[in-house]
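Reading the structure
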Amino acid sequence: MQFSFNFSASNPPPYFPFPWKSHKTNFLTPSLDKPIIPIKPSLNPLTLSNSLKTSLNYEFQRGNLDEPTSPASLPVVILGSGAVLRYIWDRSELKLVSVDGNNAVSLKSLLISDFEDGFGKLFRMCSLGVRNFFLPRQVTGNYLQYVRWKLLHRVFSSALQVLATQAMFRAIGVGYSCSLPSAAALNWVLKDGLGRLSRCIYTASLAYAFDTNLKRVRFSTSVLFSLSIGIELLTPAYPQYFLLLATIANIAKQISLACYLATGTAIHQSFAVADNLGEVSAKAQIQTVCFDNLGLMLAAALNILFKNNQRLQAGLPFVVYPIFSAIDLIGIYQGLKHVHLQTLTKDRLEIIITKWVELGCVPSPADVSKVEGVNFMRSNGRGLWPIRIGCLNPKRQIPRLSMTTMQLLKGEDMYFVCLEIICSRLAATHQQGIVLCVREGSCTADVVMGLLQACHIRKAMLSGRCRWEDNLGACYDSSSVLRHWFELVEDSKQCAHRDFTLLNDQMLEVGWACRNILLSTEEQARYSFLHG
């Protein structure tokens, strides 16, 4: 039975009054108006009075300790087996009593189960043991939902991998008399080597996406992994193309594995509320092993069920593949929805600032996670007046007011906000956009300040949408448009300076990590100011 003392400065226990009277300590101080009488040392040994009792409920009278008239409740509360218990001293034995005063338990009998409710205690102990085996002790409230969907994902994914491995063995002739072990081994080594090489190339080229687009990359590679299993299932039907099919499938698997390992730490960190990242990661490995074994048992049960019919056993993977793959991807998608990342990216920061500008409050990581979603189709940022961090692209149509904005830059400016016109070749449409250009040497506060100003500009433009659309047709060339633009820039800059401190404080209060902003390669582009 495990106990935890609920007695800390950060989380104090409920207050229980002391059952004894506290006495004020009188310190002896020399008096100036009375002579100090010297004390003669005595050669007799000190003796203790027989009336001195080992008790905590005492009254100090004339130098003697009287026996307590009632049990003493000690000011220490502990948590054990889901119950809140308190220490009681009844002059002969130390006991643990529940807070409501019932079910007194002797310390000598804490490990002995009561026969009347032994089954209930056994069930609670087993449940607590399983819970402590699979789950960390201190995690966020959404962790359990994530584990439930992870169970669904790992079981069916593991079952599919077993069936795919069987199909590949069948394709290279393992188990048949006409098989060539050396050729089979060579093909297996070649497809593994090419897969690992592709994994290195993928990881090196897209490492930044593991931070800025974690959920989208994780789900995209999961879809790729599911497709790779389907390719492996095709190898028995086309054994002459085994090396080609197996290599393509292994490349997809290695890419998915690289993404899984790279994003796992950030996902585990989002659940660790007490800096217990190691514990959360260890429990995740335990969950993966146990869930994968359940998938292995499921695949074995299906094989045993159809072992007497070789034709059905050979066609089984093609029947269960679409079902198991759909359940696998649903589990991954739903599990990612319960991952609430506290790190800041451009998209998350834009969601936070947009709500701040509109409602005056900062959303929590859970609220932003609902808005952000998995973003598998890259639908975020496709609304009116999208904001982009980076540099102006000369290939796009740049209005005159953007040129004027750059001409009026000063040495103390760490960023500037301008406009661009986005041309879509497929849809043959034009869309206005806002660009935040950040200077070399700027800090996180400058990026937040610039994005805050850009969101204020977008709000003003959306409120006067028709006027700015008319200005777009005039290519922003008129002097009145330039005057309105610079007035808008100045007003939005003042609003950004006014709101920045309060915005930053509220972001820290709800749990956002504000020290850094994770930006993609395009968003990390900076400009340098030339003093003229």
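Keep in mind the model is a prediction, meaning the values are calculated, not measured. (Residues numbered from 1 in each chain as written. Predicted model: local features only at pLDDT ≥ 70, side-chain atom pairs only at ≥ 80, totals over all residues. Heavy atoms only, no water.)

Topic: unusual backbone geometry
What is expected of a backbone is that most residues other than glycine have negative phi and most peptide bonds are trans. What counts, and what does not: Under the scheme used here, helices are H or I runs from DSSP no shorter than 4 residues and strands are E runs no shorter than 2 residues, and both carry numbers assigned from the N terminus. Under the scheme applied here, a residue whose accessible area is under 20% of the maximum for its type counts as buried, over 50% as exposed, and between as partly exposed, the area being computed with a 1.4 Å probe on protein chains only.
Positive phi, normally seen in glycine, also occurs at Asp275, with a value near 55°. Topologically, Asp275 is positioned in the loop between α6 (242-271) and α7 (277-305). Taking the relative accessible area as the measure of exposure, Asp275 reaches 71% and is therefore exposed. In the Ramachandran plot, Trp385 falls in the positive-phi region, its phi being about 50° despite a non-glycine side chain. With respect to the helices and strands, the residue Trp385 is situated in the loop between α10 (365-372) and β9 (387-389).

Here's the deal with the confidence of the model for the chain
Filter applied, for reference: As a per-residue measure, pLDDT reflects the predictor's confidence and takes values from 0 up to 100. Any pair of residues with heavy atoms lying within 4.5 Å of one another is described as a contacting pair.
On average, residues of the chain carry a pLDDT of 77, and 72% of them reach 70 or more. Ranking the elements of the chain by mean pLDDT puts strand β2 (residues 60-61) last with 40 and helix α9 (residues 346-359) first with 94. Counting contacts from residues 175-180, a segment whose pLDDT is below 50, to residues more than four positions away or on other chains yields 4 contacts.

A short note on the state of the cysteines
Test applied: In plain terms, two cysteine sulfur atoms within 2.5 Å form what is called a disulfide here.
Summed over the entire model, instances satisfying the criterion amount to 0 disulfides. The thiol of Cys437 is not disulfide-bonded; the next cysteine sulfur, from Cys418, is found 4.4 Å away. Since its relative accessible area comes to 2%, Cys437 is described here as buried.

Comments concerning α7
To be explicit about the condition: What a helix is expected to span follows from its residue count: subtract one and scale by 1.5 Å.
Under the 1.5 Å per step criterion, the end-to-end length of α7 is 42 Å for 29 residues, consistent within 8% with the ideal 42 Å. Burial in α7 covers these residues: Val280, Lys283, Ala284, Gln287, Thr288, Phe291, Asp292, Gly295, Ala299, Leu302 and Asn303.

Notes on the side chain of Lys283
Test applied: His residues and chain termini do not enter the charge count, which takes Lys and Arg as positive and Asp and Glu as negative. What counts as a salt bridge is simple: a side-chain nitrogen of Lys or Arg found within 4 Å of a carboxyl oxygen of Asp or Glu. Pairs of N or O atoms are called polar contacts if they sit within 3.5 Å, as long as, within protein, a hydrogen donor faces a hydrogen acceptor (for residues adjacent in sequence, only side-chain-to-side-chain pairs).
You can see Lys283 is positioned in helix α7. For the buried Lys283, which has no salt bridge, the nearest side chain bearing the opposite charge is Glu279, at an N-O separation of 5.2 Å. In this structure the side chain of Lys283 is engaged in a polar contact, spanning 3.3 Å, whose partner is the backbone oxygen of Phe133.

A look at α9
Compared with an ideal rise of 1.5 Å per residue, which puts 14 residues at 20 Å, α9 spans 20 Å between its outermost C-alpha atoms and is within 8% of the ideal. Inspection of α9 places Lys346, Arg348, Leu349, Glu350, Ile352, Ile353, Trp356 and Val357 among the buried residues, and these make up the whole buried set. Along its buried surface, α9 packs onto β8 (343-345), α10, β9, α12 (444-463), α14 (479-510) and β12 (513-518). Looking one or two places after α9, you find Gly360, whose phi comes out positive at around 80°.

Quick look at the environment of Pro136
Here Pro136 lies in the loop between α1 (118-134) and α2 (143-172). Along the chain, Pro136 and Asn276 lie 140 residues apart, while their C-alpha atoms are 8.4 Å from each other. Setting aside chain neighbours within four positions, we find Pro136 in contact with Arg131, Tyr143, Asn276, Glu279, Val280 and Lys283.

Quick look at the packing of helix α11 (residues 400-407) against α14
What counts, and what does not: A fitted line through C-alpha atoms represents every axis, and for helices the fit uses only the stretch in contact; the resulting angles, taken between N-to-C directions, go from 0 to 180 degrees. Just so you know how the angles are binned, under 35 degrees is roughly parallel, over 145 roughly antiparallel, 65 to 115 roughly perpendicular, and the rest oblique. Left-handed describes a crossing whose near helix is turned anticlockwise from the far helix through less than a right angle; right-handed describes the clockwise counterpart. The nonpolar class holds Ala, Val, Leu, Ile, Met, Phe, Trp, Tyr, Cys and Pro. Asp, Glu, Lys and Arg form the charged class, and all remaining residues, Gly among them, are polar.
Across the interface, α11 lies against α14 with an axial gap of 10 Å and an inter-helix angle of 55°. Comparing the axis directions of α11 and α14 gives the class oblique. Considering how the two elements wind past one another, α11 and α14 form a crossing that is right-handed. In this structure, α11 uses Arg400, Leu401, Thr404 and Thr405 to contact α14, whose residues at the interface are Val481, Leu482, Trp485 and Phe486. Residue classes in the contact of α11 with α14 are distributed as 5 nonpolar, 2 polar and 1 charged.

Some points on the pattern of salt bridges
For the coordinates displayed, the defined rule picks out 9 salt bridges. Between Lys346 and Glu350 there is a salt bridge, with the nearest N and O atoms lying 2.7 Å from each other. One end of the pair, Lys346, and the other, Glu350, are both in helix α9, 4 residues apart, so they sit about a helical turn from each other. On the basis of relative accessible area, Glu350 is assigned to the buried category, the value being 9%. The partner of Lys493 in a salt bridge is Asp413, and the shortest N-O contact between them spans 3.7 Å. Highlighted residues: Lys493 in helix α14 and Asp413 in the loop between α11 and β10 (415-424), separated in sequence by 80 residues. Put simply, Lys346, Asp347, Glu350 and Arg458 are held in one network by salt bridges that share partners.

Considerations on the side chain of Ser228
Tracing the backbone through its elements, the reader meets Ser228 in helix α5 (residues 214-233). Taking the relative accessible area as the measure of exposure, Ser228 reaches 1% and is therefore buried.

Description of a nonpolar patch on the surface
Quick note on the threshold: Patch definition: residues with relative accessible area over 30% and no salt bridge; like charges joined within 9 Å; nonpolar side chains (Val, Leu, Ile, Met, Phe, Trp, Tyr) joined within 5 Å. Surface accessibility follows the Shrake-Rupley procedure with a 1.4 Å probe radius. Residue values consider only the protein chains on display as shielding.
On the surface, a nonpolar cluster with roughly 580 Å² of combined accessible area is contributed by Leu234, Tyr238, Tyr241, Leu244, Ile248 and Phe318. Residue placement: Ile248 occurs in helix α6.

Description of the packing of α9 against α12
It is the contact of α9 with α12, at a shortest axis distance of 10 Å, that shows an interaxial angle of 55°. With respect to their mutual orientation, α9 and α12 come out oblique. Pair α9 / α12 crosses with right-handed handedness. Contacts between α9 and α12 involve Lys346, Leu349, Glu350, Ile353, Thr354, Trp356 and Val357 from the first element and Val448, Leu451, Leu452, Cys455, His456, Arg458 and Lys459 from the second. Of the residues assigned to the contact of α9 with α12, the class counts are 8 nonpolar, 2 polar and 4 charged.

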